[in-house]
Amino acid sequence: MRGGAEGQPVVARKSLPQTIQQDSDAREPNRLDRQGQAPDKPAAAGLHLVATPIGNLGDITLRALDVLAGVDTIICEDTRVTRKLLSRYAIATPTLPYNDHNARRVLPRLMERLNNGESLALVSDAGTPLISDPGYRLVEAAIEAAIPLHTLPGANAALAALILSGLPTDGFFFAGFSPPRQTARRRRFADLAAVPGSLIFFESARRLAASLSDLHHTLGDRPAAIAREITKLHEEVRRGTLSELAAHYADAGAPKGEIVIVVAPPLARDVDEETLREALSEALADLSLRDAVAQIAADTGHPRRDVYRLALEITGDEPDR
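In this text, all values refer to a predicted model and were calculated from it rather than measured experimentally.

Explain the overall build of the protein chain to me, using residue names and the numbers behind them.
When helices and strands are counted, the protein chain shows 11 helices and 11 strands. The buried share of the protein chain, reckoned over its 321 residues, is 45%. For the protein chain, the accessible surface area stands at approximately 17,100 Å², while carbon and sulfur atoms represent 50% of it.

With reference to specific residues and values, describe the nonpolar core.
Among the nonpolar cores identified, the biggest contains 21 residues, and Phe-201, Leu-212, Leu-215, Ile-226, Ile-261 and Val-263 are the most heavily contacted of them. Broken down by secondary-structure element, the contributors of at least two residues to this core are strand E8 (198-203), helix H7 (208-219), strand E9 (223-228), helix H8 (242-252) and strand E11 (259-263). Sequence-distant contacts of Leu-215, defined by excluding residues within four places in its chain, comprise Phe-189, Phe-201, Gly-220, Leu-242, Ile-261 and Val-263. Val-50, Leu-65, Cys-76 and Tyr-89 belong to the second-largest nonpolar core, a separate cluster that totals 19 residues.

I'd love a proper account of the confidence of the model for the protein chain, names of residues and values included.
Taken residue by residue, the protein chain gives an average pLDDT of 86. The fraction at 70 or more is 85%. This stretch, residues 1-17, has a pLDDT under 50; its non-local contacts, to residues over four places away or in other chains, come to 27 contacts. Within the model, pLDDT remains below 50 along residues 22-29, and this stretch shows 22 contacts once partners closer than five positions in the same chain are excluded.

Any chance you could break down the sheet that holds strand E2 (residues 46-50) for me, citing the residues and the numbers?
Spatial strand order, E4-E3-E5-E2-E6: five strands in an open sheet with parallel pairing. One side of each edge strand has no neighbouring strand; the edge strands of this open sheet are strand E4 (95-97) and strand E6 (149-152). Across the sheet, the axes of successive neighbouring strands diverge by a mean angle of 25°, strand direction being ignored. Here E2 pairs with E6 via four bridges, running parallel. Counted as the bridge partner of His-48 is His-150 from E6.

Describe the packing of aromatic side chains, and please don't skip the residues or the numbers.
Within the structure shown, the criterion is met by three aromatic pairs. Ring geometry for Phe-177 versus Phe-202: centroids 5.6 Å apart, planes at 65°, classification edge-to-face. Of this pair, Phe-177 sits in strand E7 (residues 172-177) while Phe-202 sits in strand E8; the two residues are 25 residues apart in sequence, bridging distant segments of the chain. You can call Phe-177 partly exposed: its relative accessible area is 47%. Pairing Phe-189 with Phe-201 gives two aromatic rings, centres 5.3 Å apart and planes at 75°, and the pair type is edge-to-face.

Any details on the pattern of salt bridges? Residues and values, ideally.
A pair can form between side chains of opposite charge whenever their charged atoms are brought close. Under the definition given, this model contains 12 salt bridges. The partner of Arg-80 in a salt bridge is Asp-78, with the nearest N and O atoms 2.9 Å apart. Among the residues examined, Arg-80 registers a relative accessible area of 64% and is labelled exposed. You can call Asp-78 buried: its relative accessible area is 19%.

Definitions and cut-offs
Residues numbered from 1 in each chain as written. Predicted model: local features only at pLDDT ≥ 70, side-chain atom pairs only at ≥ 80, totals over all residues. Heavy atoms only, no water. Helix = DSSP H or I, 4+ residues; strand = E, 2+ residues; numbered from the N terminus. Buried < 20%, exposed > 50% of the residue type's maximum accessible area, 1.4 Å probe, protein only. Areas by Shrake-Rupley, 256 points an atom, 1.4 Å probe, with all protein chains shown as cover. Core = buried A, V, L, I, M, F, W, Y, C linked by side-chain atoms within 4.5 Å. Contact = heavy atoms within 4.5 Å. pLDDT = per-residue confidence, 0-100. Pairing = 2+ DSSP bridges. Axes fitted to C-alpha atoms, helices over the stretch in contact; angles between N-to-C directions. Phe/Tyr/Trp six-rings, centres within 6.5 Å; stacked < 30°, edge-to-face > 60°. Salt bridge = Lys/Arg side-chain N within 4 Å of Asp/Glu carboxyl O.

Structure follows, in structure tokens:
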């Protein structure tokens, strides 16, 4: 796996995990006085997908402010959260909650308004809408109804964590939140073991240590990074191997704030078929076929489908249909 523009692999250092915590330049701007400016222009009809800050309110874009001030209504997960941003910039546009709890009831009303030519903005509580939030169904319905869509890009916690991590960025997979229960979580991680890129997860603080331990168990001791409170005053990035990070958070306890986990891709190794068969046979003696395939694919960097085919040869099992 290439690790940057020069194509050099990223090598895990054997030193203690690296932590950077700083009172950064994440000071938020003063309230912007919009009075005295030219009247806000009405936004174009359709659905505007607007990224909002993930912590620092100064990360909103100028075009986003114009659209939020110019649409008929702002659709948001939690009106109280969005109102903090709007108040900071003296935007008085009406807001309407749209979330997992009311989506089925609210969606038809939103579509009626869009079909009548109104302009609506969709925002999440933080970051880019539709990334681990309930906006997907609304966008799907808008596309089916040929409603114009407009995107206003901006802050995104997953990408911000990736570029802070120091891990390969030329290929990555965003996996959202992992399952809360260990069995399902390890199965999910095993499914991702052979992905040829960095893995990005959102995680809750109270499950962080357990998830890191499961990642180590399933993927091996890969380099990883934990990004916390990105763009906020106490932004922190801790880097190390999965075992080091799991041990740290098991001892230190759950940290505060929003958390993103970034895990390095598998390291491709030159393993001949005889060695691969031997390692797979040993793994099959202790693990299920599924888990053995995931582990060996992660350890060797071999494509999962090739390891699976070899496992079927060893066990004499029939392939899943």
